[in-house]
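# Remarks on the overall topology
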Amino acid sequence: MGGKLTLALRILLSLLGAAALLYVFSYPDSIIPRSLLEEELEDERFTRYALKPLMFLVPLAFMELVSLCGNRRNLVWFSGLIGVLLAAVAAWPVLTAYRPELVHPTFGFEDGKLAGGLPWYAVVVACSLLVRVTMLSYLFKYYRSPDDEEMSSGDVDAAELDPENARTVREIAANPAKAKPRFLFQEIDFGRIRSFHELMATLLGRRRRTRIATVSGFALLIAWFFLFPQPNARQALQRDLAAMYATRGTTANGTRLATHRAVHAAYRVMEYISDHESLAGFTREKAEKWLHLDRAPAAYRRQLRDNGELTLASVDDLFESRERFLTVTDGTRWAVLFIRTNEAGDTITISEVQDAGWNAIADELRRVYGTDWRGAYYRD
């Protein structure tokens, strides 16, 4: 009983290590964010930024340690690796439908998310199968010395191979060797034979059912991956409009912070507005109604609609003449919708989206060059 509990605990720890490995591959910037200062100092001295490409070794070492703490090492190792791989594949279509920012990067300067991390994770699984199951099994297979075991029924004594005792073909044909069977029982026990046949039939049936269940499971997983319903462009917009006003708390100065999901959803909505000029010809009141601002509490709505001066790290607004219309932030990332109006100032003519805080390097480059690089370059 204790051995089974220990094995279960080791498998659980292996699953946690494998999940950490997938997270490191998919979201490294959330562990060590890109820093302009550290990137500038990287060539001059050793920084934590230099360790970023090697972070995946930590969960791998943890998994190896867990697998070494007992027998059935490959079972522990592959239970974690393959279990997390199957869970990630099953979660992919669900996340794509409801949390696309976790699967694909919103910007090209972000880390690869699940779409970038899962292929690397699959490479680790493939290498593990090659090394642990094939190469190591071949190099360290169990070998039994003939001196350490009794002669089996198929072995021949060396004395019988002596040329002096050799027989001609005619002698062998005239007096062939006859097997001398030795029965363990006085009479044939048909009950035991019947029980043996039943046992083999049970084992073969169990093996067949296991194969059928495995194939069926993989078929269901593939069907789930490709057939899970995905929202179209209009449904995705309504999903993001419903999610963009969620908050997670308030700072000391009373500023309410959006959730991670909300700021991503807000940026996608603002990008849709900018690309399709959805608010062109609208008054401010009509634009607020289109954005469903009534879903936000009154205090938070005033914060969202604050149009005062705001300095963003990604842009130099010194010579800009545009109005800040909607601002969503989680304290680190910013998604801001700017508008330009007609001469009378009562009708929106152009909408522009601006991001900041997602990547310090990209923000500095855009600020210095005065160019919004969030377009096709970062999406390649």
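Residues numbered from 1 in each chain as written. Predicted model: local features only at pLDDT ≥ 70, side-chain atom pairs only at ≥ 80, totals over all residues. Heavy atoms only, no water.

### Side note on the overall build of the protein
Along the backbone of the protein there are 14 helices and five strands. For the protein, the residues scored as buried account for 32% of the 380 residues in total. A separation threshold of at least 6 residues defines the contact pool for the protein, and within that pool the share at least 24 residues apart is 62%. Accessible area for the protein stands at about 24800 Å²; split by element, carbon and sulfur atoms hold 60% of it. (Helix = DSSP H or I, 4+ residues; strand = E, 2+ residues; numbered from the N terminus. Buried < 20%, exposed > 50% of the residue type's maximum accessible area, 1.4 Å probe, protein only. Contact = heavy atoms within 4.5 Å. Areas by Shrake-Rupley, 256 points an atom, 1.4 Å probe, with all protein chains shown as cover.)

### Thoughts on the pattern of salt bridges
If the charged atoms of two oppositely charged side chains come close together, the side chains can form a pair. One pass over the structure, following the stated rule, counts 17 salt bridges. In this structure, the salt-bridge partner of Glu 323 is Arg 284, at a minimum N-O distance of 2.7 Å. In this pair, Glu 323 sits in strand 3 (residues 323–329) while Arg 284 sits in helix 11 (residues 284–290), placing the two residues 39 residues apart along the sequence. Judged by relative accessible area, Arg 284 falls into the partly exposed class, the value being 21%. Through salt bridges with shared partners, a single ionic network connects Arg 99, Glu 101, Arg 239, Asp 240 and Arg 268. (Salt bridge = Lys/Arg side-chain N within 4 Å of Asp/Glu carboxyl O.)

### Topic: the side chain of Thr 329
Along the polypeptide, Thr 329 turns up in strand 3. Residue classification places Thr 329 among the buried residues on the basis of a relative accessible area of 7%. Within polar-contact distance, the side chain of Thr 329 engages the backbone nitrogen of Gly 331 at 3.0 Å. The contact partners of Thr 329, leaving out residues within four places of it in the chain, are Arg 256, Leu 257, Ala 258, Val 263 and Trp 334. (Polar contact = N/O pair within 3.5 Å; in protein donor to acceptor, adjacent residues only side chain to side chain.)

### Some words on helix 4 (residues 57–68)
With twelve residues, helix 4 ought to run about 16 Å at 1.5 Å a step, and its terminal C-alpha atoms sit 16 Å apart, in line with that. Within the span of helix 4, buried status applies to Pro 59, Leu 60, Met 63, Val 66 and Ser 67. For helix 4, the angular spread of buried residues about the axis comes to 125°, placing them on one side. Of the exposed residues in helix 4, the ones pointing more than 90 degrees away from its buried face are Val 58 and Leu 65. Where helix 4 terminates, the next one or two residues include Gly 70, which has phi positive at roughly 150°. (Expected span 1.5 Å × (residues − 1). Arc of directions from axis to C-beta.)

### Examining the sheet that holds strand 3
Reading across the sheet, the three strands line up as 3-4-5 and stay open at both edges, with antiparallel pairing between neighbours. If you trace the sheet from one side to the other, it starts and ends with strand 3 and strand 5 (348–356), each paired once. For this sheet, the mean angle separating the axes of adjacent strands, direction not counted, is 20°. Relative to strand 5, strand 4 (residues 334–341) runs antiparallel, the two being bridged by eight bridges. Residue Phe 338 lies in a different strand from strand 5, and its bridge partner there is Glu 352. (Pairing = 2+ DSSP bridges. Axes fitted to C-alpha atoms, helices over the stretch in contact; angles between N-to-C directions.)

### What about unusual backbone geometry?
Positive phi values are uncommon outside glycine, yet Arg 72 reaches one of about 55°. The phi dihedral of His 292 is positive, around 55°, even though this residue is not glycine. Within the secondary structure, His 292 is located in the loop between helix 11 and helix 12 (298–304).

### Structural notes on the packing of aromatic side chains
Here the distance between the centres and the angle between the planes together describe a pair of aromatic rings. Applying the stated rule across the entire model yields nine aromatic pairs. Taking 4.9 Å as the distance between ring centres and 5° as the angle between the ring planes, the aromatic pair formed by Phe 107 and Phe 109 counts as stacked. Neither residue differs from the other here; Phe 107 and Phe 109 are each classed as buried. Relative to Phe 226, the ring of Phe 225 lies with its centre 5.0 Å away and its plane at 80°, an arrangement referred to as edge-to-face. Each residue in the set Phe 107, Phe 109, Tyr 267 and Trp 358 is aromatic and connected to the rest through ring pairs, giving one cluster. Against the face of Phe 282 rests Lys 286, its NZ or CZ located 4.6 Å from the ring centre. (Phe/Tyr/Trp six-rings, centres within 6.5 Å; stacked < 30°, edge-to-face > 60°. Lys NZ or Arg CZ within 6 Å of the ring centre and 35° of its normal.)

### Details of a positive patch on the surface
Taken together, the side chains of Arg 206, Arg 207, Arg 208, Arg 209 and Arg 211 define a basic patch exposed on the protein surface. With respect to the helices, strands and loops of the structure, Arg 209 is situated in helix 8 (residues 190–227). (Patch = residues over 30% accessible without salt bridge, like charges linked within 9 Å, V, L, I, M, F, W, Y side chains within 5 Å. Lys, Arg positive; Asp, Glu negative; His and termini not counted. Charge placed at Lys NZ, Arg CZ, Asp CG, Glu CD.)

### Quick look at the nonpolar core
Formed by 34 residues in total, the largest nonpolar core has its most connected members in Met 244, Met 270, Leu 291, Leu 304, Leu 326 and Val 328. When residues of this core are traced back to their parent elements, those giving at least two are helix 9 (233–243), helix 10 (260–276), helix 12, strand 3, strand 4 and strand 5. Considering each element in turn, this core owes the most residues, eight residues, to helix 10. Beyond its immediate chain neighbours, meaning those up to four positions away, Val 328 contacts Met 244, Ala 258, Ala 262, Val 263, Ala 266, Met 270, Tyr 300, Leu 304, Arg 333, Trp 334 and Ala 335. (Core = buried A, V, L, I, M, F, W, Y, C linked by side-chain atoms within 4.5 Å.)

### A closer look at the packing of helix 4 against helix 5 (residues 73–98)
Put simply, helix 4 and helix 5 touch, their axes get as near as 8 Å, and they point 145° apart. Our pair here, helix 4 against helix 5, has a crossing hand that is right-handed. Listed contacts from helix 5 to Leu 60, Met 63, Glu 64, Val 66, Ser 67 and Leu 68 of helix 4 are Arg 73, Val 76, Trp 77 and Leu 81. Partitioned by chemical class, the residues of the contact of helix 4 with helix 5 number seven nonpolar, one polar and two charged. (Left-handed = near helix turned anticlockwise from the far one by under 90°. Nonpolar A, V, L, I, M, F, W, Y, C, P; charged D, E, K, R; others polar.)

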